[in-house]
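Single-letter residue listing:
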Amino acid sequence: MGDHCVGVIVVEGEQAAVVVDHGEDRDWNFHRHRRDDSGEWSAVEDQGRIEYAGGEQSAGFKFPIVNFSDPRERFGNRPDVRYRQALRFKDLMGDAARVSMITSRGGRRVYHEQEHTNPNVRFVGTDENYLTSYSYEVAAGRPISSDDVDFARSVCLIGEDIRKKLFSSKEAVGGTVRIDGNSLTVIGGLESKGSSFGQSQDNIIGAPISRWFNVYGRSGRSISINVQASSAEEMEAVHEQTIGTMCLVRGLLPEDGNNFNTTTNDSVMKTFDQALNTVVIGAFVISAIALLVAGVGVMNIMLVSVTERTREIGSRKSLGARKKTILSQFLLEAVTLSLFGGIAGILFGIVGGNLAGQLLNAAVVFPVGWATADLVVCSGIGTTFGLYPAWEASSLDPIEALRYE
Amino acid sequence: MRDPGELVIDIADVTKLYRMGSEVVHALRGVTMKIHRNAYLAVMGPSGSGKSTLMNMLGGLDTPTAGYYDFAGEDVAEMSDAELADIRNREIGCVFQSFNLRPRSNAIHNVELPLIYAGVRANVRKERAMEALENVGLGDRMHHRPNELSGGQRQRVAIARALVNRPSIILADEPTGALDTKTGVEIMELFEDLYAKGNTIIMVTHEEDVARHARRIVRLRDGLIEADETNLDAPPRT
Ligand SMILES: Nc1ncnc2c1ncn2[C@@H]1O[C@H](COP(=O)(O)OP(=O)(O)O)[C@@H](O)[C@H]1O
Ligand SMILES: [Mg+2]
């Protein structure tokens with residue numbers, strides 16, 4: 001491929017960083033080398049991981065997305081996905097799928113003339129495929145082009161939040177913003193996407209990834225690679241190809257095993273489902289405890305009611321109420337009381353669910369099954385915990401009850 | 001002398017003990033009496049002589065410590081809860097000194113209650129409750145709650161409730177005790193009326209004026225029958 005060493009920059013203990021020219025590749029790269037026991041230098045094999053992430057949260061996975069992501073967060077022992085690798089990967093994938101590279105830093109402040117944003121902007125370094133992969137639309141101006149990436153142009157796209165903050169009514173396209181000491185020309189504004197999980201998706205600024213590296217440097221960073229198949233049917237094949245290509249890029253042999261991870265939308269959904277399961281189990285345990293407490297509460301209320309109405313019970317018995325009649329009367333009251341709680345719970349759930357849905361920008365579904373379960377369980381609680389008080393009431397001696405003060 | 005009706009209440013050697021810690025109270029020490037259908041009987045005696053205890057026993061609300069109670073030929077001690085409840089519901093109507101009305105229900109709903117326990121359908125229930133209220137002269141007070149009625153009217157609601165299931169026997173424990181003389185007289189007229197219609201009336205009182213209406217007077221003292229005599233001063237049968 002024409003790679004050749006241009007020079008050793010750092011020698012640090014048993015490790016060295018080697019600057020490599022990739023020939024056709026547009027960049028010089030740092031390679032880590034290590035001296036082994038025999039004194040020979042060898043390149044430290046990058047162990048990476050690939051992750052798929054759901055980009056099309058709302059479109060129902062029409063364009064399934066595969067995403068290679070930063071290993072530092074969860075797989076610190078795996079090597080970074082290097083820019084060089086990402087470029088080769090993209091090259092090798094060719095037309096099979098839409099590949100985009102993403103790297104980002106949060107907590108940035110963006111300036112324009114006297115204005116500046118809060119230091120909570122996410123600065124994304126990416127390429128021409130980013131917008132499609134993450135379903136952003138350009139509201140004004142133009143998207144990032146492959147030329148922008150190739151020539152590391154000082155251009156950027158800004159999210160709606162930033163446009164409003166810095167330009168308000170002024171034309172943003174053509175303006176200049178500064179971020180971490182670098183000036184970038186605004187080439188386009190993004191259509192608002194609202195917020196997801198309480199996080200605004202419009203508080204971002206995107207620049208060509210090559211430009212981004214000029215700002216923050218390249219070492220110690222891992223690139224997320226997002227692979228988007230053109231249809232759900234091709235997803236499986238594209239996934240296979242993704243893994244194969246990544247192995248090729250890293251020079252991994254089949255017996256080496258993968259030193260990267262891939263995640264698909266499906267597996268993201270699975271992870272999400274697992275998390276949801278945990279939440280459901282947790283909610284179940286908490287509910288069970290709450291129900292027990294509520295049940296004891298119902299029992300207490302009913303016992304007080306029986307005591308307060310002792311004379312009434314005596315009177316009812318003197319008028320011909322049977323034991324069974326009194327028992328069912330008080331049981332019914334306990335169940336009614338519990339059902340009131342159950343219905344209040346459902347209303348509370350509807351209100352809370354809608355609020356949360358609004359906050360998280362998620363669709364709200366009324367869980368008929370759970371609501372039914374709620375009513376059934378509440379009736380059960382009412383019956384179970386109302387039984388003892390009702391039995392007490394029905395067993396009262398009529399004369400004692402009538403004489404009760 | 002009139003031919004006595006069928007024997008409905010037959011008690012023999014009934015005693016009732018109340019244990020209050022180490023102290024034992026003999027409320028009844030061995031009472032024996034027979035009551036036939038369409039009797040009009042007053043139980044008299046000083047306070048604490050056992051009148052209420054006896055009435056509660058007759059009403060099937062209390063059980064004797066010893067002795068027998070046959071109601072219409074059946075041993076009450078052998079009866080189940082359901083059988084006893086049915087007797088209280090259909091055979092005996094109890095009127096207490098305290099009316100025991102449901103405060104938040106109107107007169108009709110109060111009177112309906114025994115019919116609910118008798119399993120009568122809702123529309124029939126209402127009709128019969130209204131009829132019973134009319135019979136005690138409360139036709140214009142049907143939708144009033146107890147706190148919107150006078151003492152005499154409340155007692156009449158309680159009597160209507162006791163009568164609504166058409167029991168043959170009416171047990172009244174000091175029915176005029178909480179009422180002034182005038183309303184007391186009204187209640188007595190009502191009883192006279194019921195007696196004339198063939199009901200059996202057993203009432204407790206400590207007022208000679210009230211007892212005068214009865215055809216038979218039983219006097220209790222310290223849990224024993226002191227006297228059991230025909231009331232010669234009773235008004236003529238209408
Ligand atoms: N539940 C009870 N516990 C203890 N003693 C009672 C009870 N009910 C009645 N007595 C006693 O039994 C006796 C008869 O009471 P009661 O039948 O109410 O008398 P009366 O109605 O003639 O005034 C009284 O001495 C009374 O104190
Ligand atoms: Mg008394």
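Residues numbered from 1 in each chain as written. Chains lettered and ligands numbered in written order. Predicted model: local features only at pLDDT ≥ 70, side-chain atom pairs only at ≥ 80, totals over all residues. Heavy atoms only, no water.

S.K.: Tell me about the side chain of A:S394, and name the residues and values.
M.R.: All names here are of chain A. Inspection of the secondary structure puts S394 in helix α10 (residues 368-394). Judged by its relative accessible area of 1%, S394 is buried. In this structure, S394 is in contact with K317, K323, I326 and L327, ignoring residues within four places of it in sequence. (Helix = DSSP H or I, 4+ residues; strand = E, 2+ residues; numbered from the N terminus. Buried < 20%, exposed > 50% of the residue type's maximum accessible area, 1.4 Å probe, protein only. Contact = heavy atoms within 4.5 Å.)

S.K.: Pulling in residues and values, what's your account of a nonpolar patch on the surface?
M.R.: Residues and elements named next belong to chain A. Residues L276, V279, V280, I281, F284, V285, I289, V293 and W370 make up a contiguous nonpolar surface patch of about 910 Å² in total accessible area. Considering every element that reaches the nonpolar patch, the biggest residue donor is helix α7 (residues 265-308), with eight residues. Summarising the element assignment, F284 is placed in helix α7. (Patch = residues over 30% accessible without salt bridge, like charges linked within 9 Å, V, L, I, M, F, W, Y side chains within 5 Å. Areas by Shrake-Rupley, 256 points an atom, 1.4 Å probe, with all protein chains shown as cover. Salt bridge = Lys/Arg side-chain N within 4 Å of Asp/Glu carboxyl O.)

S.K.: Quick rundown of the packing of helix α1 (residues 83-93) of chain A against helix α6 (residues 235-250) of chain A? Include the residues and the values.
M.R.: All names here are of chain A. Packing of α1 against α6 brings their axes to within 9 Å, and their N-to-C directions diverge by 130°. Taken as axis vectors, α1 and α6 run oblique relative to one another. Of the two elements, α1 crosses α6, and the hand of that crossing is right-handed. Across the interface between the two elements, Q85, R88, F89, L92 and M93 from α1 touch V238, Q241, T242, T245, M246, L248, V249 and R250 from α6. (Axes fitted to C-alpha atoms, helices over the stretch in contact; angles between N-to-C directions. Parallel < 35°, antiparallel > 145°, perpendicular 65-115°, else oblique. Left-handed = near helix turned anticlockwise from the far one by under 90°.)

S.K.: Before we move on, could you go through unusual backbone geometry and cite the residues and values that matter?
M.R.: Positive phi is not limited to glycine here, since A:E113 has a value of about 50°. When you line up the elements, A:E113 lands in the loop between β7 (110-112) and β8 (115-116). The residue B:N38 is not glycine, and still its phi comes out positive at about 60°. Along the chain, B:N38 falls in the loop between β2 (23-36) and β3 (40-44). On the basis of relative accessible area, B:N38 is assigned to the buried category, the value being 12%.

S.K.: Got a sec to walk through the interface of chain B and chain A? Specific residues and values, please.
M.R.: The interface is formed by 18 residues belonging to chain B together with 17 residues belonging to chain A. For the pair chain B and chain A, the summed buried surface comes to about 1,700 Å²; carbon and sulfur atoms form 52% of the total. When residues of chain B are sorted by the area they lose upon contact with chain A, B:L61, B:R88 and B:Y117 head the list and together hold 34% of the total. Across the chain B-chain A interface, the total number found is two salt bridges. When the shortest N-O distance is used, the salt bridge between A:R322 and B:D86 registers 2.7 Å. Summed over the shared surface of chain B and chain A, the number is nine residue pairs in polar contact (both at pLDDT 80 or more). For the side of chain B that touches chain A, the secondary-structure elements that each account for two or more residues are α2 (81-91) and α3 (107-117) of chain B. With six residues, α2(B) is the largest single contributor of residues to the side of chain B that touches chain A. Classifying every residue of the side of chain B that touches chain A gives eight nonpolar, four polar and six charged. (Buried area = accessible area lost by both parts, 1.4 Å probe. Polar contact = N/O pair within 3.5 Å; in protein donor to acceptor, adjacent residues only side chain to side chain. Nonpolar A, V, L, I, M, F, W, Y, C, P; charged D, E, K, R; others polar.)

S.K.: Provide a residue-level description of the sheet that holds strand β8 (residues 200-204) of chain B, including the pertinent values.
M.R.: All names here are of chain B. Strand order in the open sheet made by the six strands is β6-β7-β8-β3-β9-β10, with mixed pairing throughout. Of all the strands in the sheet, the pair left with one neighbour each is β6 (92-95) and β10 (224-230). Sheet twist, expressed as the average angle between the axes of neighbouring strands with direction ignored, equals 15°. Pairing analysis gives four bridges linking β6 to strand β7 (residues 169-173), with the strands arranged parallel. Bridged to G93 within β7 is I170. (Pairing = 2+ DSSP bridges.)

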